[in-house]
Amino acid sequence: VRTLVGPQTYAETQRLMQVLAQIDQVRAGNIAREFYDLAIAEFASQPPQTAFALAHINVIFAVNRQINTGISDEEISYAYLLRGQALETSDPTSAFSDYRQAITVYADNLEAYYALASGLLIQVATDSASTDDLTSEDMAVLDEVIRVAETGHARISPNLCRGNQDLTGAETFQQSWYCFL
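Residues numbered from 1 in each chain as written. Predicted model: local features only at pLDDT ≥ 70, side-chain atom pairs only at ≥ 80, totals over all residues. Heavy atoms only, no water.

1. Brief notes about the overall build of the protein
Here comes step 1: In terms of regular secondary structure, the protein is built from 8 helices and 0 strands.
Here comes step 2: Along the chain direction, N to C, the helices and strands of the protein fall in the order α-α-α-α-α-α-α-α.
Here comes step 3: Split into buried and exposed, the 181 residues of the protein put 36% on the buried side.
Here comes step 4: Taking contacts inside the protein between residues at least 6 apart in sequence as the whole, the part at least 24 apart equals 55%.
Here comes step 5: As displayed, the protein has an accessible area near 10,400 Å², and 54% of this comes from carbon and sulfur atoms. (Helix = DSSP H or I, 4+ residues; strand = E, 2+ residues; numbered from the N terminus. Buried < 20%, exposed > 50% of the residue type's maximum accessible area, 1.4 Å probe, protein only. Contact = heavy atoms within 4.5 Å. Areas by Shrake-Rupley, 256 points an atom, 1.4 Å probe, with all protein chains shown as cover.)

2. Some points on the pattern of salt bridges
Here comes step 1: Counted by the stated rule, this structure contains 6 salt bridges.
Here comes step 2: A salt bridge links Arg65 to Asp73, with the nearest nitrogen and oxygen atoms 3.3 Å apart.
Here comes step 3: Residue classification places Asp73 among the partly exposed positions, given a relative accessible area of 28%.
Here comes step 4: With its nearest N and O atoms 2.9 Å apart, the salt bridge here joins Arg100 to Glu144. Of this pair, Arg100 sits in helix H5 (residues 92–105) while Glu144 sits in helix H7 (residues 136–154), and the two are 44 residues apart along the sequence. (Salt bridge = Lys/Arg side-chain N within 4 Å of Asp/Glu carboxyl O.)

3. Quick look at helix H2 (residues 25–44)
Here comes step 1: Its 20 residues give H2 an end-to-end C-alpha distance of 29 Å, which sits within 8% of 28 Å, the value for a rise of 1.5 Å per residue.
Here comes step 2: Buried within H2 we find Ala28, Gly29, Ile31, Ala32, Phe35, Tyr36, Ala39, Glu42 and Phe43. Buried residues in H2, looked at end-on, bunch into an arc of 165°, giving them a common side. Of the exposed residues in H2, the ones pointing more than 90 degrees away from its buried face are Val26 and Ala44.
Here comes step 3: Sitting at the head of H2, Asp24 places a side-chain oxygen 3.3 Å from the backbone nitrogen of Val26. (Expected span 1.5 Å × (residues − 1). Arc of directions from axis to C-beta. Polar contact = N/O pair within 3.5 Å; in protein donor to acceptor, adjacent residues only side chain to side chain.)

4. Points about the side chain of Glu144
Here comes step 1: Residue classification places Glu144 among the buried residues on the basis of a relative accessible area of 17%.
Here comes step 2: A polar contact of 2.9 Å, which involves the side chain of Glu144, links it to the side chain of Arg100.
Here comes step 3: The residues contacting Glu144, other than those within four sequence positions of it, are Arg100, Leu116 and Leu120.

5. What about the environment of Ala32?
Here comes step 1: Residue position: Ala32 is located in helix H2.
Here comes step 2: For the pair Ala32 and His56, spaced 24 residues apart in the sequence, the C-alpha separation amounts to 8.3 Å.
Here comes step 3: Ignoring any residue separated from it by four or fewer positions in sequence, one finds Ala32 in contact with Met17, Ile60, Thr69 and Ile71.

6. With respect to the environment of Met139
Here comes step 1: Position of Met139 among the secondary structure elements: in helix H7.
Here comes step 2: Sequence separation of Met139 and Val124 is 15 residues, and the distance between their C-alpha atoms is 8.7 Å.

7. Overview of the packing of helix H3 (residues 50–66) against helix H4 (residues 73–87)
Here comes step 1: Where H3 meets H4, the axes come as close as 10 Å, and the angle between the chain directions of the two elements is 160°. It follows from the interaxial angle that H3 and H4 lie roughly antiparallel. Considering the relative orientation of H3 and H4, their crossing is left-handed. Of the residues in H4, those in contact with Thr50, Leu54, Ile57, Asn58, Ile60, Phe61, Asn64 and Arg65 of H3 are Asp73, Ile76, Ala79, Tyr80, Arg83, Ala86 and Leu87. (Axes fitted to C-alpha atoms, helices over the stretch in contact; angles between N-to-C directions. Parallel < 35°, antiparallel > 145°, perpendicular 65-115°, else oblique. Left-handed = near helix turned anticlockwise from the far one by under 90°.)

Written out as structure tokens, the structure reads:
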């Protein structure tokens, strides 16, 4: 199972999946899961195959709106986050778009808020490093950084951060790092 990259082939794949979803929802769900697994594997490849992965994620996202594929919005959001991370240094603009999409798909993706806010802040710092003056574009980006950070911080459930936080292991740290924001 593979989606070809390009507007026409992507649109054809999406239409075929939507038709299949009407005929056989179980099979469409299985193919969507294969697409998801391929997308995650494509992010892990070196170099990451981000164009193929994005095509797979977009097909899943579209079909997921039509039927329950068994792939959660959280999983789809995670895939957009991974793509953004893969593109962060080579194509920050696309990475920021992926982070925004990750947040749109699943508003509780705290890592996407963090990645977007920190990436935008780094971009402003890098762009304005040669001058002491901030442009109106820089100020607009800084406004977005604050808005994204505040929105992300507001999504942290106070119940998740009660009591002692165990930061000794990688797994427990991943579950608690945002309690210190």
